[in-house]
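# Coordinate analysis (summary)
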Amino acid sequence: MSQDPITLYAWPTPNGFKVSIFLEEAGLPYTVEPVNIMEGDQFETEYLKLNPNNKMPTITDPKGPGGKPFTVFESGAILLYLAEKTGKFLPDDAAERSQVIQWLMWQMAGFGPMLGQAHHFIKYSKEDVPYAKNRYSKEANRLYGVLDKQLLQNNFVAGAQYSIADMAIYPWSLSGESQGVDLDDYPNVQRWQKTME
């Protein structure tokens, strides 16, 4: 494997953390280019050439497919790309692989966006919007319940093995109070968090 470092464009948020977790766990060399989303760096022309959706994270792999530089945006797509590149944290068995991908998509489509909305309306919104706070904290609790039930039967989210599904979900699970969630209600999530730590 190449020693040329991957460039990670990120900011310290759950979506940025999940990619750095993979890079650290896989032992891949990388450098970080901060994308200060509080200052609007994600809207800069040069960054939009890398990520047309003006979000982060993004990676640039100097040794991508065909040995050429390759850029990947969207955190779930980055995790899949890196797992396939390295052969790590994504099972070869078709059924096990599908389980990991299902839980990765669950995080991307529900757990992350809904928790992000709960966090926003509870912690950051300048306007008090009780309906939004209630709606999103209720959905956050429903999703934590789904995760807790899954972890009752499994050591890790997608089964017995640590995978990109765990990496994707874990950073989002660390701010329960700001999401209207009492983690004491979800003992299996707490057990898994300790394992992840």
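Since the structure is predicted, the reported quantities are computational estimates derived from the model, not experimental observations. (Residues numbered from 1 in each chain as written. Predicted model: local features only at pLDDT ≥ 70, side-chain atom pairs only at ≥ 80, totals over all residues. Heavy atoms only, no water.)

### Section: the pattern of salt bridges
Per the counting criterion, the structure on display carries six salt bridges. Of the charged contacts, one joins K63 and D4 as a salt bridge, the two residues approaching to 4.0 Å between their closest N and O atoms. On the criterion of sequence distance, the pair formed by K63 in the loop between β3 (58-61) and β4 (70-73) and D4 in the segment before β1 (6-10) is long-range, its members being 59 residues apart. With relative accessibility at 38%, the residue D4 sits in the partly exposed group. Across the pair R97 and E84 runs a salt bridge, and its minimum N-O distance is 3.1 Å. Here R97, found in helix α4 (residues 94-124), pairs with E84, found in helix α3 (residues 75-86); they are 13 residues apart in sequence, far enough to count as distant. On the basis of relative accessible area, R97 is assigned to the partly exposed category, the value being 24%. (Salt bridge = Lys/Arg side-chain N within 4 Å of Asp/Glu carboxyl O. Helix = DSSP H or I, 4+ residues; strand = E, 2+ residues; numbered from the N terminus. Buried < 20%, exposed > 50% of the residue type's maximum accessible area, 1.4 Å probe, protein only.)

### Some details on the side chain of N188
Looking at the element boundaries, N188 is found in helix α7 (residues 187-196). With residues near it in sequence (within four places) discarded, N188 still touches D148, L151 and L152. (Contact = heavy atoms within 4.5 Å.)

### Re helix α5 (residues 130-153)
Side chains that are three or four residues apart share a direction in an α-helix, a result of its 3.6 residues per turn. Taking 1.5 Å per residue, 24 residues should reach 34 Å; α5 reaches 35 Å between its end C-alpha atoms and fits that length. Among the residues of α5, A132, Y136, S137, A140, L143, Y144, L147, D148, Q150 and L151 are the ones counted as buried. Residues of α5 that are buried sit in contact with α4, α6 (164-169) and α7. (Expected span 1.5 Å × (residues − 1).)

### A closer look at the environment of G16
For G16, the position within the fold is in helix α1 (residues 14-26). G16 gets classed as buried once you look at its relative accessible area, which sits at 4%. When neighbours within four sequence positions are excluded, G16 is seen to be in contact with A10, W11, M56 and P57.

### Focus: α3
Taking 1.5 Å of rise per residue, the twelve residues of α3 would be expected to cover 16 Å, and the 16 Å separating its terminal C-alpha atoms lies within 8% of that figure. The buried fraction of α3 amounts to nine of the twelve residues, a majority that puts the element mostly inside the structure. Among the residues of α3, those classed as buried are S75, G76, I78, L79, L80, Y81, L82, A83 and T86. G87 lies just past α3 and shows a positive phi near 75°.

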